[in-house]
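Results of the structural survey
Residue strings, one per chain:
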Amino acid sequence: MEFTPRMKQIFQVLLKEPAPVSVKFLAEQIGVSRRTVQRELEYIGASLKPYGLAFVSKTGVGIWIEGSDTDKKRLSDACSEGDDYDASNREERRKRLILEILKEKGLRKLFYYSSQFGVSEATVSADLEAVEGWLGRFGLLVNRKPGSGISIEGKEASYRRAIRAFINENIDTQVVRDAYEEEGNQFARYESLKKSNIGQILNNEIMKRVMDCITRIDHDRVLTLTENSYVGLIIHISIAINRILKNEVIESARDWQQTITEDEDYQLAKAIVQMLETEFGIEIPEVEVSYICLHIKGAKHEKIQWDEKKQPEFESRKLQQLVNDMIDVFDSGQAYLLKQDDEFIQALLAHLQPTLIRLLYGMQIQNPVLEEIQISYPQIYAKCEKVAEVLEAYTANTVPEQEIGFLAVHFGAAIVRLEGRQEQIRKVVVGVVCSSGIGISRLMSSKLEKTFRNRMELTAYGKNDITPYIAGKVDFLISSVPIDRIDVPVVFVNPLLNEEDIDNIRRMIYKYERLPRKQKEADEFSMQLEEINMVAEHINMVIKYMDLFKVDDRISFGELLIAVSEKMSPYSDRQEAIREDILRREHISSQIFAEFGFALLHARTKGVIRPAFSVCLTKDLGIYRHPYFKGIKIVFIMLVPEDGNVKVDNDIMGYISSMLIEDYDFMDVAAGGDKEEIRGVLSRNLKKYFTKYIARLS
C-alpha cells in the first residue's frame, strides 16, 4: 500500500517511541501543526490493517501503534521504501522537472512527466513555462514539438554548465553531512545520497556503481574533495553514464578541450574513466575525461598542496605576481602591510587555483553569502570589484559576482587582522554548543581554533549546560541547535560551519575583542575559585574510583557491553542505559583503534552519577580474539553523567583521551594489569592537567 510522505513520518515516529505519545509531541517531531496531524490520524487505522496492526488512542494516555514486532518491522520497511516526493510542493516538483529534462535530452511527451510526478498535463505545462527561464540562463532552449514531445536544444558546454549549476544549487547539505558522519561505511553514504532530493531521481543502480568506482580511486585529489564537491562529482558522472547507456551522442567541445593540459588531474580523470568503462562495459567519449578533469580542477578541496616540490597548475611566479597586482588595486595605501600577512597570501593563492579554472572554462559556482557580503561590507566588495578587473585582464573572461563575493571574504579577513594588530584587543570568551557537548561542538571547536587561532578562548558545552554562571562568563555562544532564550548573544550555525557562519562569527569576534571583559575581577575570581574546587573534586573522583576488570579473550562486543555495564553500575535500569549509550556512540563512529592497540568506549549517560574511568583487559593479558576488536589488547571505558557539570567532566576525559596516545608509559602500565600502578600513572597525568588548568586561569 502507498503511503503519503506525511503518513510515513507519523508511522516512523510512532514505531520509534517505546511508549504512547501525545499528538502535540508527534506534531513537534514532524514539524507541522496539531490540527494537521489530527487530520492525518483520521485515516491511519485503515492504512495499518494490511499489516495486522492497530492504531490506538486513549485520552490521558496518548497514541500508539499496537501489534507484533514482526508486523511493526514490515511497516517500518515499507515506510523506508520508495520516494518521499510530495506532488503538492510546486518548488520541489519544478526542481525535479529540471533534472528530468537534463537527465533525458531526448524527446519526452507531457504525459511522461505527468505520470512521473502524479499531476495533470496542464500542471506540467505550467511548470515547464516556469523552468524555461532557469534553463535559458545557460543558453538552453526548450523545444516543444506538437504530437512528438519536449526536447532541449543547446551546446554541450551549455548543457554541462546547467547540470553543474543545478547540482550546486540543490545538493542537500544535511544528507551530505549524514553520509560523511558514517566514516568508512560506504553503504551508509550511498543510502544517504540516494535519499537526497537529487539522488531520488537518478538511477539508483548507476549511482551506486559510480560511487563504488570513485571510492576505489585512492588519490589525494579525490580524498580531499569537500563533501559537496564529492557528491557533485558522483551525480555529474551518474548523469553522463545514464546518457551513454541510452546511446545518446555526447558532443565534443574541441574549442576548449584542446587547451587542457594532460597533467596529474587529467591522468586522474583518465583513471576514473577507465574504471567506469570496465564497471559498465561501455566506451566513454574522450570529451568526458576533460569534463571530469575540469570538475576536479574547479572543485573546492579541504586542503591544497602548496610547496616548492609540487607546483600548482598555474606557474607559481605568475600567480604570485597576479596576487601582488590584486592587492595593489585593492588598497595601495595598505598594500605593503597586506603583503606581509602570510596567512592571507597563502589562502588567496590556494583560492585562485580553482577560481582561474572556473573563469577560463565558464564554470559556475554558488555563493550563499553573496547578498549579505554586499550589504554588510559594501566598501570591501566595491574594492574587490576593482580586483576582479585584474582577474578579467588575466583570463580574458568576465568575473561573476559570486566569485567577487569570495574574494571579498579573503580580503575582508585580512583587513580585520590588520586592524586588530593596530588596536588593543583581547581574547574573546566563546561557548560552542551542541546537544551533548561531546560530539559536534568538539568538531566545530577544532575548526574554529584553526580558523581564528588565538583570537578566541573556546569551551564546548551541551545544550543543557548553559547556566547563569556560564552565561555570565562568555561573550557570546556559537550553537548548532536551538537553545532556550538566555541573556547572552548567540550565533546559530550549520554544524559544518560554512563560509556564512564563519563570517558571522568573525564579526562577533571583531566586536567583542575590542570591548572590556564582562565580569569584574572580584566576581570572576570568586567564580574561578568555585570552578577550581569543582575540577579538583571531579579529578579526585576519577582517580579514587578508577577500576580494572578482566574478561574472556573471545568475548564479543555485545557481551563486553554487558560486562562493562554490570561493572559500572549495580542497577539494571542504569546498566541498560550504559549499554545503549555506548552502542549509540559506537554506531556513529567505531571506537576500536587498531592502530593504537586499544578501544575507547565513551559516552554521556544517565547510567552513572559521577565521571568514571575503567580499564578492561583479557584474563591472560593478551589480545581480544573476536574479529570485531581487530587484535587490540586494552579497552578503556570513560563515562560522564548527564548533569550540569558536563563541561568539567568532558575536559578531564578529553585530557585522558590525549594521554592514551601521547603517554607510552601509561599504555605499557595499563597492559601490565596492575590496578594500583595504573592509578598512579593516571594520578600523575591528571596532576599535570590540574596544573595547566590553574595556569590557564591566571
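Keep in mind it's a predicted model, so treat the numbers as computed, not measured. Numbers given for residues are sequential positions, taken from 1 along each chain in its written order. Confidence filtering applies because this is a predicted model: local features only for residues at pLDDT of at least 70, side-chain atom pairs given and counted only at 80 or more, and all residues used for totals across whole chains, interfaces and linings. To get the side-chain values, take all heavy atoms of the structure and skip hydrogens and water.

Here, strands pair whenever DSSP counts at least two bridges between them. Numbering of helices and strands runs from the N terminus; a helix is a DSSP stretch of H or I covering at least four residues, while a strand is a stretch of E covering at least two. If you walk across this open sheet you meet the five strands as β9-β12-β13-β11-β10, and the pairing is mixed. In this open sheet, the two strands that pair with only one neighbour each are β9 (547-551) and β10 (592-593). Sheet topology note: the β10/strand β11 (residues 598-605) ladder contains two bridges and is antiparallel. Opposite Ile592, over in β11, you have Ala599 as the bridge partner. Lying on the sheet, helix α28 (residues 557-568) is in contact with β9, β11, β12 (612-618) and β13 (634-641); it crosses β9 at an angle near 145°. Strand contacts of helix α30 (residues 646-662): β11, β12 and β13, with the helix running at about 165° to β13, the strand carrying the most contacts. Residue contacts are counted whenever heavy atoms from the two residues lie within 4.5 Å of one another. The axes used here are C-alpha line fits, helices contributing only the stretch in contact, and every angle between their N-to-C directions lies in the interval 0 to 180 degrees.

With respect to burial, strand β4 (residues 149-153) is a largely interior element, four of its five residues being buried. Note: strand β3 (residues 141-145) against β4, five bridges, orientation antiparallel. Bridge pairing in β4 places Val142 opposite Ile152. Each residue is placed in one exposure class: buried if its accessible area under a 1.4 Å probe, protein chains only, is under 20% of its type's maximum, exposed if it is over 50%, and partly exposed if it falls in between.

Moving on to the pairing of β13. Among the eight residues that make up β13, eight are buried, leaving the element largely enclosed by the rest of the structure. Neither face of β13 is exposed, since Ile634, Phe636, Met638 and Val640 on one face and Val635, Ile637, Leu639 and Pro641 on the opposite face are all buried. The pairing of β11 with β13 spans eight bridges and is parallel. What sits directly across from Arg604, in β13, is Val640. Bridge analysis of β12 against β13 gives five bridges, and the strand direction is antiparallel. Its bridge partner lying in β13, Phe613 is registered against Met638.

Now for the sheet that holds strand β8 (residues 490-492). What the four strands build is an open sheet, ordered β6-β5-β7-β8; its pairing is parallel. The two strands at the open ends of the sheet, each matched to only one other strand, are β6 (456-462) and β8. With strand direction ignored, the average angle separating the axes of adjacent strands in the sheet is 25°. Where strand β5 (residues 428-434) meets β6, seven bridges bridge the pair, whose relative direction is parallel. Residue pairing for β6: Val433 is matched across the bridge by Tyr461. Together, β5, β6, β7 (476-479) and β8 form the strand contacts of helix α26 (residues 499-512), whose direction differs from that of β7 by roughly 170°.

Right, let's get into the environment of Pro400. The residue Pro400 is located in the loop between α22 (378-395) and α23 (401-421) in this model. The class of Pro400 is partly exposed, set by a relative accessible area of 33%. Between the C-alpha atoms of Pro400 and Glu385, which are 15 residues apart in sequence, the distance is 9.8 Å.

This next bit is on the packing of aromatic side chains. Each Phe, Tyr or Trp ring (for Trp, its six-membered ring) is paired with any other whose centre lies within 6.5 Å, and the angle between the two planes then decides the class: stacked below 30 degrees, edge-to-face above 60, tilted in between. All chains considered together, the criterion is met by 14 aromatic pairs. Relative to Phe636, the ring of Phe613 has its centre 6.0 Å away and its plane inclined at 15°; by these criteria the two rings are stacked. Taken together, the residues span a long stretch of sequence, with Phe613 in strand β12 and Phe636 in strand β13 at a distance of 23 residues. An identical accessibility class is assigned to Phe613 and Phe636; each is buried. Ring-pair connections join several aromatic residues into one group, and the members of that group are Phe593, Phe598, Phe613, Phe636 and Phe666. Stacked on the ring of Phe330, the Lys or Arg Lys383 has its end atom at 5.2 Å from the ring centre. The ring of Tyr545 carries the charged tip of Arg610 above its face, separated from the ring centre by 3.6 Å. Any Lys NZ or Arg CZ found within 6 Å of a ring centre and within 35 degrees of that ring's normal is scored as a charge over the ring.

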